[in-house]
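# Understanding the architecture of this molecule
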Amino acid sequence: DGAVIGLYKDGTSVGSLGAISGDLAIYSSASGHNGLRLALGAVLPTSNTGVVANNSADLGSTSYRFKDAYLSGNAIVGGLLSASSSAGANAFSAGPNAGATNQGISAVAVGTSAGQITQGINAVGVGRLAGATTQGASATAIGSQAGQTTQGASSVAVGTQAGKTTQGASAVAVGNSAGTTTQ
């Protein structure tokens, strides 16, 4: 481990290319600067000594931004926002596990585990576990556990646990625990 190539400007060290635990590391020697470590299956941020540093480096800045990012997997920002490869075109999800498995075209899932398993085309789930298991096309679930288990196409569930267990097609449940078991 250590520097393989030292980088100098006018006789002063400005950085190094080195090896750390078999990884290639590129880092600045200036205090407070960052670097990169090319690890197995990941590119990791480092301190100015090449040590892996968590939550310490930005990619770009407000004045100097990258244009586009092309990813084949998930994008997770602060653990909340996810654009998943399992999402349909124009689908959006925000929250841990929201829209995690099979999100339909133009579906929206906002909240912890909202729209988590299967969300139909144009379905909307807002709230913790809203529309979490199976949500039909154009179904809307707003509220904690609203439309949680099975929500039929074009059904609406608004309120905590509204339409929670089974809601048929075009059914409407408004209010806390409205249509909770079978509608």
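To start, this report covers the structure provided alongside it. (Residues numbered from 1 in each chain as written. Predicted model: local features only at pLDDT ≥ 70, side-chain atom pairs only at ≥ 80, totals over all residues. Heavy atoms only, no water.)

The next point concerns the layout of surface pockets. There is about 220 Å³ of room inside the second largest pocket. For the second largest pocket, the full set of lining residues is Leu36, Val43, Leu44, Pro45, Ala53, Asn54, Asn55, Ser56, Ala57, Asp58 and Leu59. Across the lining of the second largest pocket, the residue classes tally to seven nonpolar, three polar and one charged. (1 Å grid on protein atoms, 1.4 Å probe; cavity = no way out; pocket = protein on both sides within 12 Å on 5 of 7 lines; lining within 4 Å. Points joined across faces, edges and corners; volume = space filled by probe spheres on them. Nonpolar A, V, L, I, M, F, W, Y, C, P; charged D, E, K, R; others polar.)

With antiparallel pairing, the five strands of this open sheet are ordered in space as 1-2-3-4-5. Each edge of the open sheet is held by one strand with a lone partner, namely strand 1 (2-9) and strand 5 (42-46). Pairwise comparison of adjacent strand axes, ignoring direction, gives a mean angle of 15° for this sheet. Both strand 2 (residues 12-20) and strand 3 (residues 23-28) contribute to a ladder of six bridges, which runs antiparallel. By the bridge assignment for strand 3, leucine 17 is matched with isoleucine 26. (Pairing = 2+ DSSP bridges. Helix = DSSP H or I, 4+ residues; strand = E, 2+ residues; numbered from the N terminus. Axes fitted to C-alpha atoms, helices over the stretch in contact; angles between N-to-C directions.)

This brings us to the pattern of salt bridges. As enumerated under the stated definition, the model contains three salt bridges in all. Of the charged contacts in the structure, one is a salt bridge between aspartate 23 and arginine 37, with a shortest N-O distance of 2.9 Å. Of this pair, aspartate 23 sits in strand 3 while arginine 37 is found in strand 4 (residues 35-39), placing the two residues 14 residues apart along the sequence. A single burial state applies to aspartate 23 and to arginine 37, both of which are buried. With a shortest N-O distance of 2.7 Å, aspartate 68 and lysine 67 are connected by a salt bridge. Here aspartate 68 falls in the partly exposed class, since its relative accessible area comes to 43%. Judged by relative accessible area, which is 74%, lysine 67 ranks as exposed. (Salt bridge = Lys/Arg side-chain N within 4 Å of Asp/Glu carboxyl O. Buried < 20%, exposed > 50% of the residue type's maximum accessible area, 1.4 Å probe, protein only.)

Further remarks concern the environment of glycine 125. With respect to the helices and strands, glycine 125 occurs in strand 12 (residues 124-126). Judged by its relative accessible area of 0%, glycine 125 is buried. Remark: the alpha-carbon pair of glycine 125 and glycine 11, spanning 114 residues in sequence, is separated by 60 Å. Beyond its immediate sequence surroundings of up to four residues, glycine 125 is in contact with Val108, Ala109, Val110, Ala114, Gln119, Ala130, Gln135 and Ala141. (Contact = heavy atoms within 4.5 Å.)

This brings us to a nonpolar patch on the surface. Taken together, the side chains of Phe92, Val110, Val126, Ile142, Val158, Val172 and Val174 make up a nonpolar region of the molecular surface, amounting to roughly 520 Å² of accessible area. Inspection of the secondary structure assignment puts valine 126 in strand 12. (Patch = residues over 30% accessible without salt bridge, like charges linked within 9 Å, V, L, I, M, F, W, Y side chains within 5 Å. Areas by Shrake-Rupley, 256 points an atom, 1.4 Å probe, with all protein chains shown as cover.)

Let's shift gears to the nonpolar core. Grouped together as the largest cluster of nonpolar side chains are seven residues: Ala130, Ala141, Ala146, Ala157, Ala162, Ala173 and Ala178. For alanine 157, the contacting residues outside a window of four places in its chain are Thr140, Ala141, Ile142, Ala146, Gly147, Gln151, Ala162, Gly163, Gln167 and Ala173. (Core = buried A, V, L, I, M, F, W, Y, C linked by side-chain atoms within 4.5 Å.)

Structurally, serine 28 is set in strand 3. Given the relative accessible area of 15%, serine 28 is considered buried. A polar contact is formed between the side chain of serine 28 and the backbone oxygen of valine 14, at a distance of 3.5 Å. Among the polar contacts made by the side chain of serine 28, one reaches the side chain of histidine 33 at a distance of 3.5 Å. For serine 28, the residues in contact, after removing those within four places along its chain, are Val14, Gly15, His33, Asn34 and Asn48. (Polar contact = N/O pair within 3.5 Å; in protein donor to acceptor, adjacent residues only side chain to side chain.)

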